[in-house]
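Reading the structure
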Amino acid sequence: HQKNNYVIFDFSVELICHIEAFPRPSITWISPKKNQLTTNLNYVVDNGYQTADDHTESSVRIRSLSRQHLGKYICRAQNKLGVKEQVISKLNSFWK
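Within a sheet, adjacent strands bond to each other through the backbone by hydrogen bonds, running parallel or antiparallel. Sheet architecture is open: three strands sit in the order 2-5-4, paired in antiparallel fashion. The sheet is open, and its two borders are formed by strand 2 (13-20) and strand 4 (43-52), each paired with just one other strand. When strand polarity is set aside, the average angle formed by the axes of neighbouring strands in this sheet is 15°. With eight bridges joining them, strand 2 and strand 5 (residues 55-62) adopt antiparallel strand pairing. Bridged to Ile 19 within strand 5 is Thr 56.

Printed below as a string of structure tokens:
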């Protein structure tokens, strides 16, 4: 389910995606600008580790939140059986 989160700028924010799938999926994160996220100056991306039998957890951390980071973040899991996407969070600010 989608959550609207109100945030304070200049803080770090971590988004977590929990997946149950077999075989183990590859996981990608999609930014509000529809780009695939990778670890860089703005983000730290963990593409998943297995937590239990068919459970995988992945996260993306926004190092220092600013207006450019606001919007929907999507976690995409894909294996040979198909693709599933989930909006993990919609980041908003108090200031318009």
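Burial runs high along strand 5: six of the eight residues are buried. Of the pairings in the sheet, the one linking strand 4 to strand 5 comprises seven bridges and is antiparallel in character. Across the sheet, residue Ala 52 finds its bridge partner in strand 5, namely His 55.

Bringing the environment of Gln 78 into the picture now. Note on placement: Gln 78 falls in strand 6 (residues 71-79). In sequence terms Gln 78 and Ile 27 are 51 residues apart; their C-alpha atoms lie 6.5 Å from each other. Setting aside residues no more than four positions away along its own chain, Gln 78 makes contact with Pro 25, Ser 26 and Val 83.

Let us now look at the state of the cysteines. Counted by the stated rule, this structure contains one disulfide. Linked covalently through their sulfurs, Cys 17 and Cys 75 form a disulfide whose S-S length is 2.1 Å. The sign of the -85° torsion about the S-S bond sets the Cys 17-Cys 75 disulfide as left-handed. Residue Cys 17 is found in strand 2, and its partner Cys 75 is found in strand 6; the two are separated by 58 residues along the sequence. Of the residues examined, Cys 17 reaches a relative accessible area of 5% and is grouped as buried.

Cut-off values and rules
- Residues numbered from 1 in each chain as written.
- Predicted model: local features only at pLDDT ≥ 70, side-chain atom pairs only at ≥ 80, totals over all residues.
- Heavy atoms only, no water.
- Pairing = 2+ DSSP bridges.
- Helix = DSSP H or I, 4+ residues; strand = E, 2+ residues; numbered from the N terminus.
- Axes fitted to C-alpha atoms, helices over the stretch in contact; angles between N-to-C directions.
- Buried < 20%, exposed > 50% of the residue type's maximum accessible area, 1.4 Å probe, protein only.
- Contact = heavy atoms within 4.5 Å.
- Disulfide = S-S within 2.5 Å.

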